[in-house]
Amino acid sequence: RFTLSYDITFLSLVRMAASDTRVEFKRGRCMAHPFKKRAYAVSNPELEYCAYASALLVYGKCMDDLSDERGAKKFKAALSKPFVSRMRKKSLKKYSDLDKKINDGLKKLSETEAQRLPSVDIPADCFGEILAEICSYGHEGATRKILYDIGRHIGRWVYIADAIDDCEEDLENGRFNPFLCLYGGRAPTPEERLNVADTLRLELAGAELAFDLLEYGDKRDIRGIIENIIYVGMPNTADKLAGKECVCDGKKTKKKDKKTK
């Protein structure tokens, strides 16, 4: 629960949509919201799989931060290590082969970032391959190919979005960022940020083409959530990262100034 991320939640929705898993929703209390009942998805094989996959991914990220980061991030990773190590140990009992794929992918990503190439596409591809393997794991044939394509495009989108969002902070703290390498050690200009937003939308277009091939069956509720994310939420996020006006449900909203929040 404490390692839950939007990335894994989204992938769990996609995998539920692509499988024969029966999806049920109930209302109840949880550890994060103990005082008010909320809607939640009843546990099923796809949710359980994504929980294990999340544990493996978080462990790999923790080990990467311990070796590459400094200061607060490294200290946080050191505190988290015993906890995430136990999570990984449980996950290895069921998905040792997936763990190898994730570790190999993270190692390749780390080696690529260490080269500090003037490219965002190359490291984004590495992370895209990791999410592609997680998203398509256990499936075969056409379904695997569809899920692989979805995972790859979403993985690339996540990597690029995180990088552009962290650019100024990474510049200030002397951390690696592919955009700093691309632009010779400086943060991108407003015009260059607009180009990044276009790149993010192209990744979404690739994911959308794959989504259209999925057989949702009677899972209209799941389809509605996924469509809301890829047609509204993620495009608006891309626009915000570029400093543009965003459109949500047909209404334009401007990015708020920090002083007025």
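Residues numbered from 1 in each chain as written. Predicted model: local features only at pLDDT ≥ 70, side-chain atom pairs only at ≥ 80, totals over all residues. Heavy atoms only, no water.

## A look at the packing of helix α4 (residues 121-136) against helix α5 (residues 141-165)
Now for step 1: For the pair α4 and α5, interaxial distance at closest approach is 6 Å and the crossing angle is 140°. When the axes of α4 and α5 are compared, the pair comes out oblique. With respect to the hand of their crossing, α4 and α5 are arranged in right-handed fashion. Contact residues: Asp121, Pro123, Ala124, Asp125, Phe127, Gly128, Glu129, Leu131, Ala132, Glu133, Cys135 and Ser136 in α4; Arg144, Leu147, Tyr148, Gly151, Arg152, Ile154, Gly155, Arg156, Val158, Tyr159 and Ile160 in α5.
Now for step 2: Among the residues making up the contact of α4 with α5, the classes are represented as twelve nonpolar, four polar and seven charged. (Axes fitted to C-alpha atoms, helices over the stretch in contact; angles between N-to-C directions. Helix = DSSP H or I, 4+ residues; strand = E, 2+ residues; numbered from the N terminus. Parallel < 35°, antiparallel > 145°, perpendicular 65-115°, else oblique. Left-handed = near helix turned anticlockwise from the far one by under 90°. Contact = heavy atoms within 4.5 Å. Nonpolar A, V, L, I, M, F, W, Y, C, P; charged D, E, K, R; others polar.)

## As for the packing of aromatic side chains
Now for step 1: Going through the model one piece at a time under the given rule, you end up with six aromatic pairs.
Now for step 2: With a centroid separation of 5.3 Å and 80° between ring planes, the pair formed by Tyr49 and Tyr95 is classed as edge-to-face. Remark: Tyr95 occurs in helix α3 (residues 71-114) and Tyr49 occurs in helix α2 (residues 45-68); sequence separation between them is 46 residues. Like Tyr95, Tyr49 is buried.
Now for step 3: Judged by centre distance (6.4 Å) and plane angle (40°), the ring pair of Phe127 and Tyr159 falls under tilted. Taken together, the positions of Phe127 in helix α4 and Tyr159 in helix α5 put the pair 32 residues apart, joining distant regions of the chain.
Now for step 4: According to the relative accessible area criterion, Phe127 is buried, its value standing at 14%.
Now for step 5: Ring pairing ties together the aromatic residues Tyr49, Tyr52, Tyr95 and Tyr137, which thus form one cluster. (Phe/Tyr/Trp six-rings, centres within 6.5 Å; stacked < 30°, edge-to-face > 60°. Buried < 20%, exposed > 50% of the residue type's maximum accessible area, 1.4 Å probe, protein only.)

## Notes on the confidence of the model for the chain
Now for step 1: Of all residues in the chain, 92% attain a pLDDT of 70 or more, and the chain-wide mean is 86.
Now for step 2: Of all secondary-structure elements in the chain, the lowest mean pLDDT belongs to strand β4 (residues 251-253), at 40, while α4 reaches the highest, 96.
Now for step 3: Contacts for the low-pLDDT stretch residues 246-261, under 50 throughout, to residues beyond four places or in other chains number 16 contacts. (pLDDT = per-residue confidence, 0-100.)

## Side note on the pattern of salt bridges
Pairing between side chains of opposite charge can happen when their charged atoms approach one another.
Now for step 1: Scanning the model with the defined rule gives 18 salt bridges in all.
Now for step 2: The salt bridge involving Arg15 is made with Glu46; its shortest N-O contact spans 2.7 Å. One end of the pair, Arg15, is in helix α1 (residues 6-18); the other, Glu46, is in helix α2, and 31 residues separate them in sequence.
Now for step 3: For Arg15, a relative accessible area of 5% corresponds to the buried category. (Salt bridge = Lys/Arg side-chain N within 4 Å of Asp/Glu carboxyl O.)

## Details of the side chain of His153
Now for step 1: Mapped onto the elements of the fold, His153 is located in helix α5.
Now for step 2: The class for His153 is buried, based on a relative accessible area of 19%.
Now for step 3: When near neighbours in sequence (up to four residues on either side) are disregarded, His153 contacts Glu203, Gly206 and Ala207.

## With respect to a positive patch on the surface
Now for step 1: Residues Arg27, Arg29, Lys36, Lys37 and Arg38 make up a contiguous surface patch of positive charge.
Now for step 2: Along the polypeptide, Arg38 turns up in strand β2 (residues 38-41). (Patch = residues over 30% accessible without salt bridge, like charges linked within 9 Å, V, L, I, M, F, W, Y side chains within 5 Å. Areas by Shrake-Rupley, 256 points an atom, 1.4 Å probe, with all protein chains shown as cover. Lys, Arg positive; Asp, Glu negative; His and termini not counted. Charge placed at Lys NZ, Arg CZ, Asp CG, Glu CD.)

## So, the environment of Met16
Now for step 1: With respect to the helices and strands, the residue Met16 is situated in helix α1.
Now for step 2: Met16 sits 79 residues away from Tyr95 along the chain, and the two C-alpha atoms are 19 Å apart.
Now for step 3: Each residue touching Met16, except ones within four places of it in the same chain, is listed here: Val23, Asn44, Glu46, Leu47, Lys219 and Ile222.

## Regarding empty space enclosed by the protein
Now for step 1: The final tally for this structure, using the stated rule, is one cavity of 30 Å³ or more.
Now for step 2: Put simply, the largest cavity is a space of about 40 Å³.
Now for step 3: Lining the largest cavity, in full, are Thr112, Glu113, Leu117, Ser119, Pro123, Phe176 and Pro178.
Now for step 4: In terms of residue class, the lining of the largest cavity is made up of four nonpolar, two polar and one charged. (1 Å grid on protein atoms, 1.4 Å probe; cavity = no way out; pocket = protein on both sides within 12 Å on 5 of 7 lines; lining within 4 Å. Points joined across faces, edges and corners; volume = space filled by probe spheres on them.)

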